[in-house]
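# Overview (structure and organization)
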Amino acid sequence: MDAMRISGVSTGAEISMQCNSLSSLVGRRFDNGRWRTRMFPARSRTWLPAATRRRFSSVKSVSSEPKEKVADAVTDSEQEAFSSLSPFAPDAASVASSIKYHAEFTPLFSPEKFELPKAFFATAQSVRDALIINWNATYEYYNRVNAKQAYYLSMEFLQGRALSNAVGNLELTGAYADALKSLGFDLESVATQEPDPALGNGGLGRLASCFLDSLATLNYPAWGYGLRYKYGLFKQRITKDGQEEAAEDWLELSNPWEIVRNDVSYPVKFYGKVVFGSDGKKKWIGGEDIVAVAYDVPIPGYKTKTTINLRLWSTKASSEDFDLSSYNSGKHTEAAEALFNAEKICYVLYPGDESIEGKTLRLKQQYTLCSASLQDIIARFETRSGGSVNWEEFPEKVAVQMNDTHPTLCIPELMRILMDLKGLSWEDAWKITQRTVAYTNHTVLPEALEKWSLELMEQLLPRHVEIIEMIDEELVRTIVSEYGTADPDLLEEKLKAMRVLENVELPSAFADVIVNPLVEKNPIGQFEDDQTVVKKEQEEEETAGEEGEVIPEPTVKTPKMVRMANLAVVGGHAVNGVAEIHSEIVKKDVFNDFVKLWPEKFQNKTNGVTPRRWIRFCNPYLSDILTNWIGTEDWVLNTEKLAELRKFADNEDLQSEWRAAKKKNKLKVVSLIKERTGYTVNPDAMFDIQIKRIHEYKRQLLNILGIVYRYKKMKEMSASEREKAFVPRVCIFGGKAFATYVQAKRIVKFITDVGSTINHDPEIGDLLKVIFVPDYNVSVAELLIPASELSQHISTAGMEASGTSNMKFSMNGCILIGTLDGANVEIREEVGEENFFLFGAEAHEIANLRKERAEGKFVPDPIFEEVKKFVRSGVFGSNSYDELIGSLEGNEGFGRADYFLVGKDFPSYVECQEKVDEAYRDQKRWTRMSILNTAGSSKFSSDRTIHEYAKDIWNIKQVELP
């Protein structure tokens, strides 16, 4: 394609002409050197009244500080004005003019060339124009009706590319495709220029992003709050040595969707000390001060004017903190130390926490998210309240949802603000906090139920520790009241299990109740993971004594900890799990004592995913089939209509169309694999996919050992025997191992070694390929999931909270192989047992199986011993796999004893895979199973989940712009 040149210089008349050509798109005209904005859509020729036009004309900050009190009701004239704000319906010519305008007047590139990167930014800025008008109108209206609003706080938002999603939600895909074609580009190529925002890692962040899409689509008043990570988690590279990490570069060319709000910033403090002020109130003074600045990203709903906000915080220090004197004296690093310390808080998602510096940085991240967000929420509440703030109404206007334990500091921070800054009593602040905050639990893994060193928190957040101690004392009082003192052993047991503070003596007020009820050590050390591991430290070294002298046992320091999950339960009004089986485990095992105390707090909210991104936009071939056979596109907003496919499951025409759509998607993945890995794969082979964070409990190791066993059996056969015994497969892996999670990185290395051997074996050819797609992200998932035929969700039963990729695969007609874990249980119920490949031990069996292993009663199956021996034979290269295979052996010890039951489930897994081959040979049967998976996936829309949160936890109502 010849590069298109845009002139770098235009006359005033030319500028006016070019600008006015945009008026049909954005409702603005260029007159006497000024933009004049109209809020009616292009097809309307009537201007809004001047006063209303002034109110909406500027691209204003969706900020916390409007200058006038807003009313609780909308007047008739204002209602009429809002009613005129309908979605845009521009033609391709208007869109093309808008794109050209931004290419010239919102430049990020030199004017000489108009190539793909420049086309992407100009297109995105053009779309953003449309979003901003709806965005501002949405929050202007929310302010006027003073609706209760939900605020979703999450350390991760795994958004994915925004361009295709935005034009799709605005129903402008056709207009933008035609406009770009007229400019010499195609929409798909332009969209691929967008880097994935590096704001998340896995299911936690992807769930949060699905929720924002559903909130906007369903017209619920809500905001998301997160951090703006400059370098993300990391960019994954696969080399001969396995996984290597590099900094993400997603912000290198800037982000066209975000708007920095320089007028929305808040102070955040660390360290310092707590003193009494002259008014007798506690004050937190001194220490290190930084500034959190808001960056806003619009989130459009589907076929609605509602456009909500994702507010991301970036951190900086004041210019006054730059030490010019030190800089001029040559101490350049020292001069900028305060600036670096502030900015690095938002450099990396989940910085390594092996060191005290890493732990401190993580805690700073969590507090920054909580403090800046709550200050912003409170400022908005005060603004909407006008001159008469009634704090008792705060929970009636604000719902704060903590996505996992990372934002749990919201509880003491809200208490601090209400008491120290707003003058409320402890009792009033505590009631307000408990009525406002709710907590979603995402894990039952001990190491992921966060704990923070009390000593570290005392240094970093001294006022919050005082508040947490008071919360803990309040909890102790409740426990003593509930259980009494007649049975000291029972009371001690409950205090150990339930207190927020672990290994901390009772408050002095309870000294006579029970003596020093220190909590038993948590079995956290058995996992080598990306969370904080509590390590024992000896107070003194063991020394040899005189003959006959008794040498005392070394004293072990028992670390004092703050248990964030317990704090989240105590400080909020609702606790929810994210799948039925997970919620039952949470109630039965994780928080059983709290359930007995407050049963009304606990509930289930099974996760969901947005059908817009995960069918409508990423799989247009399937989307068209669904619309044609169901007879309406309404399934995008009402997935219950997908069930209508069941009556067509055996229809030969549908099955033929279904297979053709799958083949088209597989061909896209063939190209992706060639581009990313250099391997060529057969699109007629079964595409068998496992894409998720690399972790021992997710059992990628079980998958690859199954492939190794398959390969071994193939090598023992003749060519004709192989072809008869095995269905051709392309086994695809994707996912990142946390940088310090050594065992997970060993698994990545093993997968790539196995792939290198099998993929170059001429005897095997296309019968088996093993692919590890590097740097897995949302955009890669949007290609792999539509092409998938078998997807592996094979975690150890009882360890996966829910999963959401299983839902995406099922929606796209992929058949799952898995255990009864997380949402697998509900998916199997919905799609039908015969359309799900089940294997493995069940959750209620796991504890006893581990006990039997510790007692030496486990006898491994011969085929498991066979596959381990084959791995150790050197067939996959000279690398030693002793540590990896050794983790599956022995009966006890750290990193041993097969904690995740790979060996126990291996025979069942291999047998189940034989059933998969058998089913795939019958393509009519397989296609029927595929259709019924899509038909049975209606429950797993995030729209359903959000309706449940809104009704049962947040108590918010839908607010549709008139």
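For clarity, every value in this text was computed on a predicted model and none was experimentally measured.

Below, the discussion takes up the UniProt feature "modified residue: N6-(pyridoxal phosphate)lysine" (unreviewed entry) in the protein. Feature annotation in UniProt assigns "modified residue: N6-(pyridoxal phosphate)lysine" (unreviewed entry) to the following positions: Lys 808. With respect to the secondary-structure elements, Lys 808 resides in helix H31 (residues 805–811). Note on Lys 808: relative accessible area 6%, which makes it buried. Beyond its immediate chain neighbours, meaning those up to four positions away, Lys 808 contacts Arg 206, Val 609, Trp 614 and Ile 785.

As a further point, take the pattern of salt bridges. Close approach of charged atoms allows side chains of opposite charge to pair. All chains considered together, the criterion is met by 60 salt bridges. In this structure, Glu 866 engages Lys 713 in a salt bridge whose closest nitrogen and oxygen atoms are separated by 2.9 Å. Here Glu 866, found in helix H34 (residues 862–872), pairs with Lys 713, found in helix H27 (residues 700–715); they are 153 residues apart in sequence, far enough to count as distant. Close ionic contact of Lys 868 with Glu 865 constitutes a salt bridge, the shortest N to O distance being 2.9 Å. In this pair, Lys 868 and Glu 865 both sit in helix H34, three residues apart, roughly one turn of the helix. The class of Lys 868 is buried, set by a relative accessible area of 5%. With a relative accessible area of 35%, Glu 865 lands in the partly exposed category.

Along the polypeptide, Ser 623 turns up in helix H25 (residues 620–630). Take Ser 623: its relative accessible area is 1%, and that puts it in the buried class. Excluding anything up to four places from it in sequence, Ser 623 contacts Ile 615, Arg 616 and Trp 635.

If you look at the biggest cluster of nonpolar residues, it comprises 223 residues, and the most contacted ones within it are Trp 313, Met 457, Phe 750, Phe 837 and Trp 954. Counting 53 residues, the second largest nonpolar core, distinct from the first, contains Val 778, Ala 781, Ile 931 and Ala 935.

Here the focus is the sheet that holds strand S3 (residues 149–153). One open sheet accounts for nine strands, arranged S7-S10-S11-S4-S3-S12-S13-S17-S18; its pairing is mixed. The sheet is open, and its two edges are formed by strand S7 (259–270) and strand S18 (602–604), each paired on a single side. When strand polarity is set aside, the average angle formed by the axes of neighbouring strands in this sheet is 25 degrees. In the sheet, strand S12 (residues 398–403) pairs with strand S13 (residues 437–440) via four bridges, with the strands oriented parallel. Paired with Gln 401 across the strands is Ala 438, a residue of S13. The strands that helix H21 (residues 564–571) touches are S12, S13, strand S17 (574–577) and S18; relative to S13, the one it contacts most, it runs at about 135 degrees.

Let us look at the sheet that holds strand S15 (residues 501–502). Pairing in this open sheet of three strands is antiparallel, and the strands run S14-S16-S15 from one edge to the other. The open sheet is flanked by strand S14 (451–453) and S15, the only strands paired with a single partner. The pairing of S14 with strand S16 (residues 561–563) spans three bridges and is classified as antiparallel. Among the inter-strand pairings, Trp 452 is bridged to a residue of S16, identified as Val 562. Across the sheet, H21 is in contact with S14 and S16; its angle to S16 comes to roughly 45 degrees.

Once that is clear, we can look at the environment of Phe 602. Within the fold, Phe 602 resides in strand S18. Counting along the chain gives 11 residues from Phe 602 to Phe 591, while the straight-line C-alpha distance between them is 9.4 Å. Setting aside chain neighbours within four positions, we find Phe 602 in contact with Val 569, Val 575, Val 586, Lys 587, Phe 591, Phe 594 and Val 595.

Our next topic: the pairing of strand S22 (residues 790–793). Side-chain alternation along S22 places Leu 790 and Gln 792 on one buried face and Ser 791 and His 793 on a second face that is also buried. Bridge count between strand S19 (residues 686–691) and S22: two bridges; the pairing is parallel. From the neighbouring strand, Ile 689 faces S22, where its bridge partner is Ser 791. Taken together, the four bridges between S22 and strand S23 (residues 815–818) define a ladder with parallel strand orientation. Looking at the pairing, Gln 792 lines up with Ile 817 of S23. A crossover links S22 with its parallel partner S23, the connecting element being H31, and its sense is right-handed.

The rules behind these values
Residues numbered from 1 in each chain as written. Predicted model: local features only at pLDDT ≥ 70, side-chain atom pairs only at ≥ 80, totals over all residues. Heavy atoms only, no water. UniProt positions renumbered as here; feature names shortened; annotations may be inferred. Helix = DSSP H or I, 4+ residues; strand = E, 2+ residues; numbered from the N terminus. Buried < 20%, exposed > 50% of the residue type's maximum accessible area, 1.4 Å probe, protein only. Contact = heavy atoms within 4.5 Å. Salt bridge = Lys/Arg side-chain N within 4 Å of Asp/Glu carboxyl O. Core = buried A, V, L, I, M, F, W, Y, C linked by side-chain atoms within 4.5 Å. Pairing = 2+ DSSP bridges. Axes fitted to C-alpha atoms, helices over the stretch in contact; angles between N-to-C directions. Right-handed = clockwise from strand over helix to strand, strands pointing away.

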